[in-house]
Amino acid sequence: MTTADENGKPEFDAIIVGAGFAGMYLLHRMRGMGFKVRVVEAATGVGGTWYWNRYPGARCDVESMQYSYQFSPELQAEWSWTERYAAQPEILTYANHVADRFDLRRDIDFDTRVKSAVYDETAKHWTITSEDGRSYTGRYCVMATGCLSSPNTPRFEGLEDFKGAVYHTGTWPHEKVDFTGKTVAIIGTGSSAIQSTPVIASEAKQLYLFQRTPHWVIPARNRPLDPEQQADWKQHYSERRAAAKANFSGIFANYNKQKAAEAAPDECRAEYQRRWDQGGLAFMGAFSDLLIDDDANKTAREFVTEKVRGMLKDKSLADKLIPDYLIGCKRLVIDTGYYETFNKPNVELVDISNSPIERITETGLRASGREFEVDAIVMATGFDAMTGALTRMDIRGRDGGSLKEKWSEGPRTYLGLMSHGFPNLFTITGPGSPSVFTNMLPTIEQHVEWVSDCIAYMRDHQRQSIEPSRDAEDAWVVHNEEVSGNTLKPACGSWYVGANIPGKPRVFLPYFGGFPAYIEKCNEVVAKGYEGFSLN
Ligand code: NA7
């Protein structure tokens, strides 16, 4: 079945895959430009990440006054957040409010998981087919499929034998899961585990937390947002949003330009203490060389190590809970009561760094030479980040070329927006763009605006296909490697480099050149008539 007419004209100007924050804004903007657009979404509702990640304690690690759209001043003025960091239900309510406010749902097909996307070179359009056999044709296809949307469930032997309940934090049930009186195993100690552990521990009879690698954790210091603070933000939104975009991370925060290597020990301590008391990801902004210079990084590690030791009653636990790698190398985690949870009698850390989980049994897990009988297993095992959502679909470009095959040695894109051999296929916050290193909302908005402006340009100039050249793509891939290679960032086994997925090529996935440099490059490409792209 195809939805193109008898002349091969596609039914839609664009098919957007995903109704998270990226797909929602793209739909709204393209509709406003007069395009006929359809969104297909696997979930039953909008919200993407915030639709799926309903685990206890799920919360954004970017402050709510900044983790919101800025394209509509009215929306920005009317919406009120209740906490410094919004919890998942509140963000999902916000996403639904946006869908209502801009009447988005009428152009979204929910419960529609895309199986394949195939480009027809003669007709210059994409056919998108869902798992239940529906097809859509669009001149353009935009993958707004998210960076952390393809859950990773390790293939533990015996998992299918387990008689109890198994959950993944990234596909949590809609109804409340009650762990009262239960013995629970959590596997993983990333952000999802660190957020859910204190909440699950407060209900469970016994909690075992299986840790392969500890994470560096800084207090979130979440609190209710007082109305005056919120009013102050709203009054200064335009200048703060602009200032945020001038920062590497796209976040409005105080980034110290001084180097730790040049600061006196007392000065370093005072700066870390100030940021520790403030809480949040801005801890890494204490000095400008923390991700450049190992000695500088060490000063931050020593400070946090001392703090963590101070929070634990059982000092021998500290050796297990404190990482032995660079701080900020894996994604920094911000917490509420994580370390304090280990002071409870019903919580046990199971260190599996030297002996992986052997197998799952009918009644629990076998690890470190012990049998753990549990009622439920929580997989907090993360995602096939940045590429997983794309490579799990069968995407075929020119001459039937497969995206998965092309990316088998690592993703290759120009600006994280398009890939050579796949005309008219865009990715929002794709690999090779700043994405996960930045505040996702402004970074999504920048991509949505670039892509929709590009499609409007194509229409206005009577062009039907756009594709990056191989040379431009190669140069961007090399540039990506260079900018991350000049830092300490690729040094550890993080999901930024695909190290969490067995067999995934070890390539630095997001662009680490910073949001301002990236915006400048994108704008320059347009100013030079879409330099590096061929338009036909
Ligand atoms: P993360 O940060 O990828 O954490 C996943 C955790 O699961 C991490 O501790 C992994 O250990 C662990 N893991 C993965 N596979 C296994 C196996 N096979 N055995 C034991 N442990 C395993 O995902 P999150 O969902 O917590 O957070 C994702 C992002 O969301 C986060 O960075 C924020 O940006 C928000 P490892 O470290 O790989 O040794």
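The rules behind each value
The residue numbering used here restarts from 1 in each chain and proceeds along that chain's sequence as written. Residue-level local features of this predicted model are given only where pLDDT is at least 70; pairs of side-chain atoms are given and counted only at 80 or more, and the full residue set underlies all totals for whole chains, interfaces and linings. Only heavy atoms go into the side-chain values, all of them from the structure, while hydrogens and water stay out. Going along the chain from the N terminus, every DSSP run of H or I of four or more residues is numbered as a helix, and every run of E of two or more is numbered as a strand. In this setup the radius of gyration rests on C-alpha atoms only. A globule is expected at 2.2 Å times the number of residues raised to 0.38. Here the term buried applies to any residue with accessible area under 20% of the maximum for its type, exposed to any over 50%, and partly exposed to those in between, with areas from a 1.4 Å probe on protein chains only. Fitted lines through C-alpha atoms serve as axes, helices being fitted only where they are in contact, and the angles separating the N-to-C directions of these axes extend from 0 to 180 degrees. Angular relationships are summarised with four words: roughly parallel below 35 degrees, roughly antiparallel beyond 145, roughly perpendicular across 65 to 115, and oblique for the angles in between. Here a crossing is called left-handed whenever its near helix is offset anticlockwise from the far helix by less than a right angle, and right-handed whenever the offset is clockwise. The contact criterion used is simple: two residues touch if any of their non-hydrogen atoms lie within 4.5 Å. For each residue, the test is whether any non-hydrogen atom lies within 4 Å of the molecule or strand; if one does, the residue is near. Polar contact criterion, stated in full: a pair of N or O atoms within 3.5 Å, where within protein one must be able to donate a hydrogen and the other to accept it, and residues adjacent in sequence count only if both atoms are side-chain atoms. Accessible surface area values rest on a Shrake-Rupley calculation with a 1.4 Å probe, where residue burial reflects the displayed protein chains alone. Think of it as three bins: nonpolar holds Ala, Val, Leu, Ile, Met, Phe, Trp, Tyr, Cys and Pro, charged holds Asp, Glu, Lys and Arg, and polar takes everything else, Gly as well. Each residue carries a pLDDT score, the predictor's own confidence in it, on a scale running from 0 to 100. If DSSP finds at least two bridges between two strands, the strands pair. Helices are assigned an expected span. That span is 1.5 Å times one less than the residue count.

Caption draft 1: Seen up close, the overall build of the protein. Counting its secondary structure elements, the protein contains 16 helices and 20 strands. The C-alpha atoms of the protein give 23 Å as radius of gyration, which agrees with the globular expectation for 536 residues (24 Å, within 12%). In terms of overall dimensions, the protein has a C-alpha envelope of 70 × 55 × 45 Å along the principal axes. Taking all 536 residues of the protein together, 58% fall into the buried category.

Caption draft 2: Focus on the packing of helix α8 (residues 265–278) against helix α9 (residues 294–311). α9 packs onto α8 with a crossing angle of 55° between their chain directions and a minimal axis gap of 10 Å. Viewed along their axes, α8 and α9 adopt a mutual orientation that is oblique. Of the two possible hands of crossing, α8 and α9 adopt the one that is right-handed. Residues Cys 268, Arg 269, Tyr 272, Gln 273 and Trp 276 of α8 form the contact with α9, whose own contacting residues are Ala 296, Thr 299, Ala 300, Phe 303, Val 304, Glu 306, Lys 307 and Met 311.

Caption draft 3: View of the site of the ligand. Near the ligand you find 20 residues, and of these Thr 189, Ser 192, Arg 212, Thr 213 and Lys 330 are the closest. Arg 212 is positioned with one of its side-chain polar atoms (N or O) 2.9 Å from an oxygen atom of the ligand. A distance of 3.2 Å separates an oxygen atom of the ligand from a polar atom in the side chain of Arg 331. Taking 780 Å² as the accessible area of the ligand by itself, protein coverage stands at 89%. Classifying every residue of the shell around the ligand by side-chain character gives eight nonpolar, nine polar and three charged.

Caption draft 4: Layout of the confidence of the model for the protein. Residues of the protein with pLDDT of at least 70 account for 99%, and the chain-wide mean is 96. By mean pLDDT, helix α10 (residues 315–321) is the weakest element of the protein at 94, and strand β18 (residues 425–427) is the strongest at 99.

Caption draft 5: Seen up close, the sheet that holds strand β15 (residues 370–373). Pairing in this open sheet of three strands is antiparallel, and the strands run β13-β14-β15 from one edge to the other. The open sheet has two free edges, formed respectively by β13 (359–360) and β15, since each of these has just one partner strand. When strand β14 (residues 364–367) meets β15, the two strands line up antiparallel, connected through four bridges. By the bridge assignment, Ala 367 is partnered in β15 with Arg 370.

Caption draft 6: How the structure looks around the sheet that holds strand β8 (residues 183–187). Read from one edge of the open sheet, five strands run β7-β16-β8-β9-β12, paired in parallel fashion. The open sheet terminates on both sides in strands that have one partner only, identified here as β7 (165–168) and β12 (347–351). For this sheet, the mean inter-axis angle between neighbouring strands, taken without regard to orientation, is 20°. Pairing of β8 with strand β9 (residues 206–211) involves five bridges; the strand directions are parallel.

Caption draft 7: Structural detail: helix α14 (residues 440–460). Here α14 contains 21 residues, and its C-alpha end-to-end distance of 30 Å stays within 8% of the 30 Å for a straight helix at 1.5 Å per residue. By the criterion of burial, α14 is predominantly enclosed, with 16 of the 21 residues buried. Backbone geometry just after α14 places Gln 462 at a positive phi near 50°.

Caption draft 8: Spotlight on the pairing of strand β5 (residues 125–130). β5 sits mainly inside the fold: five of its six residues count as buried. Sheet analysis places strand β4 (residues 114–120) next to β5, joined by six bridges and oriented antiparallel. The residue of β5 that forms the bridge with Asp 120 is His 125. One ladder, built from four bridges, connects β5 with strand β6 (residues 135–143); its direction is antiparallel. Paired with Trp 126 across the bridge in β6 is Gly 138. Taking the residues that link successive antiparallel strands as the turn, the β5-β6 hairpin has four residues, and the phi of Gly 133 there is positive, at about 90°.

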